[in-house]
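Each chain is listed here by its residues.
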2 protein chains.
Amino acid sequence: MPTILDIARHAGVSSATVSRVINSSGYVGEETRRKVEDAIEQLNYSPNKNAQHLRTGSTKNFGIISTQFNDTAVARINSFISTAYANGYTTTLFVTNGDKKREREAFDLLKSKQLDGIFLIYRANDWSVLEKYASFGPVVTLHNVDSEQIPSVFIDHYKGHRLALDYLWETGCRQILNLYGTPKGLNTHRRIDAYTDFCRDHQIDPHNPDLFIDTVTSEKVDDFIRWYESTEVKPDAVVTHSDSIAALVVSRLRRKGIRVPEDVSVIGFDNLDVSDVMDMTTIDYSIEEQGKNACRLLLQTLNQPVDELKPLSFKLIKRKTTL
Amino acid sequence: MPTILDIARHAGVSSATVSRVINSSGYVGEETRRKVEDAIEQLNYSPNKNAQHLRTGSTKNFGIISTQFNDTAVARINSFISTAYANGYTTTLFVTNGDKKREREAFDLLKSKQLDGIFLIYRANDWSVLEKYASFGPVVTLHNVDSEQIPSVFIDHYKGHRLALDYLWETGCRQILNLYGTPKGLNTHRRIDAYTDFCRDHQIDPHNPDLFIDTVTSEKVDDFIRWYESTEVKPDAVVTHSDSIAALVVSRLRRKGIRVPEDVSVIGFDNLDVSDVMDMTTIDYSIEEQGKNACRLLLQTLNQPVDELKPLSFKLIKRKTTL
C-alpha cells in the first residue's frame, strides 16, 4: 500500500503538502492540489480514515443544526460557512424540522469525532439533553442560554427595537404601530418590553401588542394593509421585526398609493440586502458578525489561530422610508 | 429492554403511532408525538439503529451537496427541504467548498445507507467518480448531464434569456445591453447564444459579450453604473442574469437620478421575492418547482407515493421596470 511519501514523490511535492490536501488544512494552490489528487487516484492511495481521525482528532468539518431554514438563518449560515472555509473547515447543515431524534443523531457525530464542533441555531431537544454532548466537542448556540458548557452568540433585541422607536419619536411620529414576529419567541417578548417602556417614558397609551403579532408571512402583511386602509386613526409609523416583512409592507403600501415616508414611516430590522436595494431605514445588528463569532468561538476552543471575537451592537441605518 | 409495544402502552397510543414517531414517517399530531417521546425517555428505550436501518433500509434522510451556498441555491434548497419534510424526510446539506474528498465522503453515506438519496447542486468530482455511487441509492442533479444513472432537473436558459430580449424588442428597445454571470457557466454560454441569435434575427450588431460578463457582485454593478454614466450611446434596456443583480442595478440607477423604466428598462431573472417587493419585471422559471421536482424524483425512485413531476417552463412576469 502506498504511503504519503509515495504520493509526494509521484506528485513532486513535499509530504507536508500531501498531508494538507488530505486533511483539507492550510493553503494549497489549485494546481498543486490537482497534482496531489491525481497522484492519489493513480496510486490508489486510501488513507485509513479512522486511524487518521484518531491521530489528528479532527475531521475539519463543522456542523450547523437548525429546526428551520429561513431568511435570517441563511444570512448567519452564510457568514459561518465562509469563516469556516477561510480556516480550512467545511460545513454540514442539519435541518431537523424539529425532529429530536435527528438532532441527537447530529450531536452523536460530535461524539464519534465526525464533527469537530457544532453551531446550534434552533434546537429541538431540551438543554439537559444537549449539554451532555458539550464534553465531546465545542458547541455554540444562537439561543439565549445560561450554560457553562455552551457559549452563546445571542443578543437581546430590546435595545434594537428601542433604537427604532426612539428614532421615530425624534422624527415626530406619535402613532407608532408594531408588527411583531412569532408569539412564542423571546425576541418578540423583548420587543414588547421595549415598546411598553417606551410608552411609559413618553406617557402615551400603548396599543395592544396582540394587534399584529405573528406577522411573519405576506398574507399577514396583506391583513395589515386592509386594516390600515379601514382604520380611522392611522399610524404615522410602522416598526417591523425583519427587513423581509418591512419590504412587503413598503411595497404593498405603495401599490395602494400610500406614500412612504410622507404618509407613514416604515423601519426594518437586520440590514439585509433587500433593505439596501429598497433604500429602507433599518436596524443593523451585525448579523454577519454573529455567524462569524459563532465560528470563531468554535475555532478558539479547538486552539486554532483565529481572529478576535467582534463585539455585536445595534446601529440605526437611516435611509429613505423614514422622515 | 422495553419494546415498541411497551412504549405504546405507556403513551396510550398504538404501536403504529410509536413506529411513525421513531421513524419520522407519516403524520403524528404534536401532542401525541410528545407523549410518545416522553414515554421513550421515561422507559429509556433505545431502538437499535443498525437493526432498524437493515429492516427498513431507510434513514428517512436526504442529502443535498453543493460547492457553494448562494441566493439561488438557497431558493432551491428551501423548496427541496419543504417537500422532503412533507414526505417525512429530513435533510442534511453538505457545503463542500469544492473539496473533492468531502464530496466523496458525503456520497459514501449513500453507500452506507445513512442517506436515502442525494440532490447534487454543484459538484466537485468528475462524473465518472460520482456515477459509481448511483447504484447505492438515487441521485438527482441540477447539472446538465447526459447520464443513465443520474437524472437532472437542469433547464436550458437559452429560452428564458430570449424571452426577455423579445419582450424588450416588442416594447421598442433597440439598444439592449446584457449583464452576464460567471464566464465558465453553461448558463452564461446559452444566454450569449440567445443574444447572438436575437441579433441575427433582427439584423442588428451585437455588443461584445465580454463587456459586462461576470457581473455577479455589487462592485461589478458599480462598474456598470460608472460606464453607463460615461458612455455616449446609452442602452435603453438592460437584461440581467438574476434578480439580485437586477435589484442592485435598479437601485443604483435610481440613486443617480436615472429613471427606470423611462430612461432605461431593466429585467431580472428567477422571480425571487426581491423582484416582487421591488416591482421588477423578471423571468420566472419555476425555481421552486425545480427543488420540488428534485425531491419528487428521489421519492419516486424509492417507490414512495408522491406528486407527479411538474413541467418547468419560462414565463415573463411583467412589472414596473420595463415599458
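Cut-off values and rules
Residues numbered from 1 in each chain as written. Chains lettered and ligands numbered in written order. Predicted model: local features only at pLDDT ≥ 70, side-chain atom pairs only at ≥ 80, totals over all residues. Heavy atoms only, no water. Contact = heavy atoms within 4.5 Å. Buried area = accessible area lost by both parts, 1.4 Å probe. Salt bridge = Lys/Arg side-chain N within 4 Å of Asp/Glu carboxyl O. Polar contact = N/O pair within 3.5 Å; in protein donor to acceptor, adjacent residues only side chain to side chain. Helix = DSSP H or I, 4+ residues; strand = E, 2+ residues; numbered from the N terminus. Buried < 20%, exposed > 50% of the residue type's maximum accessible area, 1.4 Å probe, protein only. Pairing = 2+ DSSP bridges. Right-handed = clockwise from strand over helix to strand, strands pointing away. Least-squares fit on C-alpha atoms with pLDDT ≥ 70 in both. Domains from an automatic or database assignment.

Engineer: Looking at this structure, how should I read the interface of chain A and chain B?
Structural biologist: The parts lose accessible area when they come together, and the size of an interface is often stated as this lost area. Tallying the contact residues gives 37 residues for chain A and 37 residues for chain B. Interface of chain A and chain B: buried area, both sides summed, is about 3500 Å²; carbon and sulfur atoms make up 50% of it. The tally of links from chain A across to chain B stands at eight salt bridges. Taking the shortest distance from any N to any O, the salt bridge between B:Asp279 and A:Arg255 comes out at 3.1 Å. Remark: the boundary between chain A and chain B carries 16 residue pairs in polar contact (both at pLDDT 80 or more). Here the element with the most residues in the side of chain A that touches chain B is strand β2 (residues 90-95) of chain A; it accounts for six residues.

Engineer: Which parts of the structure should I look at to understand the pairing of strand β1 (residues 61-66) of chain A?
Structural biologist: Along any regular strand, the residues point their side chains to alternate faces of the sheet. All names here are of chain A. For β1, the buried fraction is high: six of the six residues fall into the buried class. Burial along β1 is two-sided: Asn 61, Gly 63 and Ile 65 facing one way and Phe 62, Ile 64 and Ser 66 facing the other are all buried. Strand direction decides the pairing type here: β1 and β2, joined by six bridges, are parallel. Considered in β2, the bridge of Ile 64 is made with Leu 93. Traced from β1 through helix α5 (residues 71-86) to β2, the parallel crossover comes out right-handed. Summarising the sheet, β1 and strand β3 (residues 117-120) pair through four bridges and their orientation is parallel. Of the residues in β3, the one forming a bridge with Ile 64 is Phe 119.

Engineer: Please explain the relation of the copies chain A and chain B as it appears in this structure.
Structural biologist: Expressed as a screw operation, the relation of chain A to chain B combines 0.2 Å of axial shift with a rotation of 180°, fitting to an RMSD of 0.2 Å. Taken together, the rotation and translation describe the operation of a two-fold axis. Looking at the rotation axis and the C-alpha trace of chain A, the residue lying nearest is A:Leu93, at 2.4 Å. Mapped onto chain B, 100% of the interface residues of chain A are again interface residues, and the two copies thus contact each other with one and the same surface.

Engineer: Sorry if this is basic, but what is going on with the domain arrangement of chain A here?
Structural biologist: Here chain A is partitioned into domain 1 (4-47), domain 2 (59-155 + 288-310) and domain 3 (158-284). Relative to domain 3 of chain A, the C-alpha centre of domain 1 of chain A lies at a distance of 56 Å.

Engineer: How should unusual backbone geometry be read in this particular structure?
Structural biologist: Where the residue is not glycine, phi is negative for most of them; where a peptide bond is considered, it is trans in most cases. Following A:Val260, the chain continues to A:Pro261 via a peptide bond in cis, the omega torsion being 5°. Tracing the backbone through its elements, the reader meets A:Pro261 in the loop between α11 (243-255) and β7 (265-267). For B:Gln203, which is not glycine, the phi torsion reads 50° and is therefore positive. Within the fold, B:Gln203 resides in the loop between α9 (186-202) and α10 (218-230). Here B:Asp279, not a glycine, exhibits a phi torsion of approximately 55°, which is positive. Along the chain, B:Asp279 turns up in the loop between α12 (273-277) and β8 (282-284).

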